[in-house]
Structures are given as C-alpha cells and as structure tokens.
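# Overview (structure and organization)
Residue-level listing of the chains:
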Amino acid sequence: MTLADISRLEAIQDAAAEFVMDEEAFRAFYDRNARGVWAYLVRLTGNRNSADDLLQETFYRFLRAAADHDDETHRRNSLYRIATNLARDARRRSLLRPAAWLGGDSIERMPADGAENSRRETPELRRAFLSQAMGLLKPRERAMLWLAYAEGASHREIAKILGLKPASMKPLLFRARRRLAALLGVKS
C-alpha cells in the first residue's frame, strides 16, 4: 500500500461531507498530503532544504488560489501541479545562478552484476544508488517515476499534473524506467 492509497482511503471517508477549507479542514488536508508532496519535491529537486521551502510555498499557493475543487483527488492533483511548477521554476532559477542543484557528487554507473557486486549490498546502499540515479534523471522523468510508483498515480493523473497528453504517458514512463535501469546497471 502506497502513501497515495492511504490518502485516497482517507479521502473517501472525508468525501461524505461537503469540503469547506477552514483551518481544521486545511490541517487535515495538509496532514494527509504534506509527506507525499515533500517526498515528491525531494525527488524532483534532489535537495531536502529546497523541498522544505517548496512545500511551504506549494500549500501557500494552494490556499491563495482558493479554487473550487470537485473532490479530494482534484485537490491533490492541483497540489501536485503547483509543486511541479514551483520545482520547475526553482530549477530554472538555479540554472541562471550557478549552484549545486543536486547537492552531491554525480555517479557514472552503478555496479553491474559481477566482480564489484561480490560485497554485500545493504538496503541503505541500494537506497543511496537509487537516490543518486534518480538525481541523474531529467526532472520530468523523476516526477513521472515518483508519481507512478511512489504515489500510485494513474497515467491520466500524471499527465494532468505534469501538463502532458495522457496518450504519451505510457511510452514516456517506459523510457524513464529504462533510463533508470541503465543507470542502476540493471537489465531491462
């Protein structure tokens, strides 16, 4: 069960009542979604501090928009769309000012099956490899993979969040998975 599944189950329970964005409703909405949006922003930016700042700005802009949303899914998609746009803007700004976007050394390739893999790989080492490989992907690829596999979003939801055509999601996700597998040294 993913974070998105848990959020959706809670959303079904909350859908029975009319959604009014008062302080209590916002706090509940924030509690259900902040962790997932933050993790998504960390994957997009590669930087926890940037993700913290962007998370605050995401919820601020969500509230400021005061848009009328149909249901919990529509609110979540809107939130992720705002987060995606803020991360893109932050990346563009970082390209104008030379700064370490990823905040760490880059990698060439992960060790493939063979001689270097003879040592025991720990879960922490695998997470580090995955994190480094995700950092080498394009921001859109990171976003698609995160939304699909960590958040459990459908192709249609991902397309709406990223501003893409739903028909293009399947091949784009395939290419992103293949590129990640190549970086990890896994045969796809």
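The present account deals with the structure reproduced in this document. What you see is a predicted model, and the numbers here were worked out from it, not measured in a lab.

Definitions and limits used
- Residues numbered from 1 in each chain as written.
- Predicted model: local features only at pLDDT ≥ 70, side-chain atom pairs only at ≥ 80, totals over all residues.
- Heavy atoms only, no water.
- Patch = residues over 30% accessible without salt bridge, like charges linked within 9 Å, V, L, I, M, F, W, Y side chains within 5 Å.
- Areas by Shrake-Rupley, 256 points an atom, 1.4 Å probe, with all protein chains shown as cover.
- Salt bridge = Lys/Arg side-chain N within 4 Å of Asp/Glu carboxyl O.
- Lys, Arg positive; Asp, Glu negative; His and termini not counted.
- Charge placed at Lys NZ, Arg CZ, Asp CG, Glu CD.
- Helix = DSSP H or I, 4+ residues; strand = E, 2+ residues; numbered from the N terminus.
- Buried < 20%, exposed > 50% of the residue type's maximum accessible area, 1.4 Å probe, protein only.
- Axes fitted to C-alpha atoms, helices over the stretch in contact; angles between N-to-C directions.
- Parallel < 35°, antiparallel > 145°, perpendicular 65-115°, else oblique.
- Left-handed = near helix turned anticlockwise from the far one by under 90°.
- Contact = heavy atoms within 4.5 Å.
- Nonpolar A, V, L, I, M, F, W, Y, C, P; charged D, E, K, R; others polar.

## Description of a positive patch on the surface
Positive charge collects at one region of the surface, where Lys138, Arg140, Arg175 and Arg178 lie side by side. Checked against the element boundaries, Arg140 lands in helix H6 (residues 139–150). The class for Arg140 is partly exposed, based on a relative accessible area of 39%.

## Focus on the side chain of Asn77
One can find Asn77 in helix H4 (residues 72–96). Taking relative accessible area as the criterion, Asn77 reaches 10% and is therefore assigned buried.

## Observations regarding the packing of helix H2 (residues 23–45) against H6
Across the interface, H2 lies against H6 with an axial gap of 8 Å and an inter-helix angle of 150°. Judged on the interaxial angle alone, H6 and H2 are roughly antiparallel. In the packing of H2 onto H6, the handedness of the crossing is right-handed. Of the residues in H6, those touching H2 at Gly36, Ala39, Tyr40, Arg43, Leu44 and Thr45 are Pro139, Arg142, Ala143, Trp146 and Leu147. Per-class residue counts for the contact of H2 with H6 are seven nonpolar, two polar and two charged.

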